[in-house]
Amino acid sequence: MPDKILDDISHRRYNPLTDSWLLVSPHRTKRPWQGQQEAAVEAKLPEYDPKCYLCPRNTRASGDHNPDYAKTFAFVNDYSAVKEQQPDYEPEPSSNDLSSLLLQAKSVKGVCYVMTFSPKHHLTLADMPASDILPCVDHWTRIYANHLSASNPLTEAANKLQLSVAREQAPIPKDEYRYMQIFENKGAAMGCSNPHPHCQVWTTSTMPEEPGKEITQMTKYKKQHGRHLLADYTKLELEKQERIVWQNDAFLVVCPWWAIWPFEVLVLPKRHVRALVDFTDEERLQFAETIQEVTRRYDNLFECSFPYSSGIHQAPLQGTEEEIENSYLHMHFYPPLLRSATVRKFLVGFELMAEPQRDITPEQAAARLRECGGEIYRSRKN
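Draft legend 1. Seen up close, the nonpolar core. Of all hydrophobic cores here, the largest spans 67 residues; its most connected members are Trp140, Tyr144, Val265, Val277, Phe287 and Tyr298. Looking at which element gives the most residues to this core, the answer is helix α2 (residues 130-147), with eight residues. If near-sequence neighbours (up to four positions away) are discounted, Phe287 is found in contact with Val137, Trp140, Phe251, Val267, Leu276, Phe279, Ile312 and Met331. Of all hydrophobic cores here, the second largest spans 15 residues; its members include Ile215, Leu229, Val254 and Leu268.

Here it is in structure tokens:
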């Protein structure tokens, strides 16, 4: 275990992925809670909802009709955050002009997609076996492959793919973009507006802040040590056995040393994988199994449909050879629940004004999640 004293004193932990620190306050887990509590109502959803914009055969807000799909379905978001077609804007900076120094802006182009995980309205990833999550992994992989820049070294791996989703069955872009962010917001607590199981895929002409910071740090680490940052971190966690939640032959799930959210986990491949297109057939299945394990353990922890935001960070669609080779695919899960199904963590006050802070240690959180394996609690109750 970490030095025993860290279980009882306030201390800071370093995040080498983002070059940032957070405050850990394990002694605060004993404080009473009289603040806001979330509703813990388990609504029973129908397998098909005629009013749902994502169910098969239904009409979306745009007037388009969904096909009678059997597994996954991806389409351009009817309310995309970025536009494909718009004027460029990037004024020439001037050192003598205060506006150009302090009021900077540049245009961002891109396209946003919605991708359903299943035609069944009432399911979540936690309810689905790995074999049913595998088509989601295949669809993510195909969308990513379709959007790779022609000059990207990963196109060689992409051209060899044999997936359940053909090239023409996934969105094909009109232009090339810099980065693709695949993410899921699950639950009303995370701002999800539709309970139908789905994720979003946003592509942008610029590099977003979070993956950009990570690639910068991974590149710096590789230059200094000649090894991949997350490969070393995976090796270290396997040696220490302190924050591991679960693992299979290909993937490791940990509550990272630097976790901000109470039950935050990080999914890491056990070998250097730059992006989804690097996975073997067996690794894609084991990735699906890993996602199922994480989401089921979340639901079992407080016996509720556990809210979270998750996302895959991987090599950019367009970038230097150094950026591509230094990238190391990983998946973040950020869940807000703290003490129960009704008490959540808020990033406010000190955390907004100074730096992130957590109470329960990652080691304690990992121990709790390790105990939550087995069948999903809903099955035991039925």
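Draft legend 2. Structural view of the packing of aromatic side chains. Counted by the stated rule, this structure contains 15 aromatic pairs. Here Tyr298 and Phe306 contribute two aromatic rings whose centre-to-centre distance is 4.7 Å and whose plane-to-plane angle is 20°, an arrangement assigned as stacked. Of the two residues, Tyr298 and Phe306, neither departs from the other in class, the shared state being buried. Through successive ring pairs, a cluster of aromatic residues spans Phe263, Tyr298, Phe302, Phe306, Tyr308 and Phe333. Over the face of the ring belonging to Trp257 we find Arg13, whose NZ or CZ atom lies 3.8 Å from the ring centre. Stacked on the ring of Phe75, the Lys or Arg Arg60 has its end atom at 3.8 Å from the ring centre.

Draft legend 3. Broad picture of the sheet that holds strand β1 (residues 11-15). Strand order across the open sheet formed by three strands is β1-β2-β12, with mixed pairing between neighbours. At either end of the open sheet lies a strand with only one pairing partner, and these are β1 and β12 (357-358).

What counts and how
Residues numbered from 1 in each chain as written. Predicted model: local features only at pLDDT ≥ 70, side-chain atom pairs only at ≥ 80, totals over all residues. Heavy atoms only, no water. Core = buried A, V, L, I, M, F, W, Y, C linked by side-chain atoms within 4.5 Å. Buried < 20%, exposed > 50% of the residue type's maximum accessible area, 1.4 Å probe, protein only. Helix = DSSP H or I, 4+ residues; strand = E, 2+ residues; numbered from the N terminus. Contact = heavy atoms within 4.5 Å. Phe/Tyr/Trp six-rings, centres within 6.5 Å; stacked < 30°, edge-to-face > 60°. Lys NZ or Arg CZ within 6 Å of the ring centre and 35° of its normal. Pairing = 2+ DSSP bridges.

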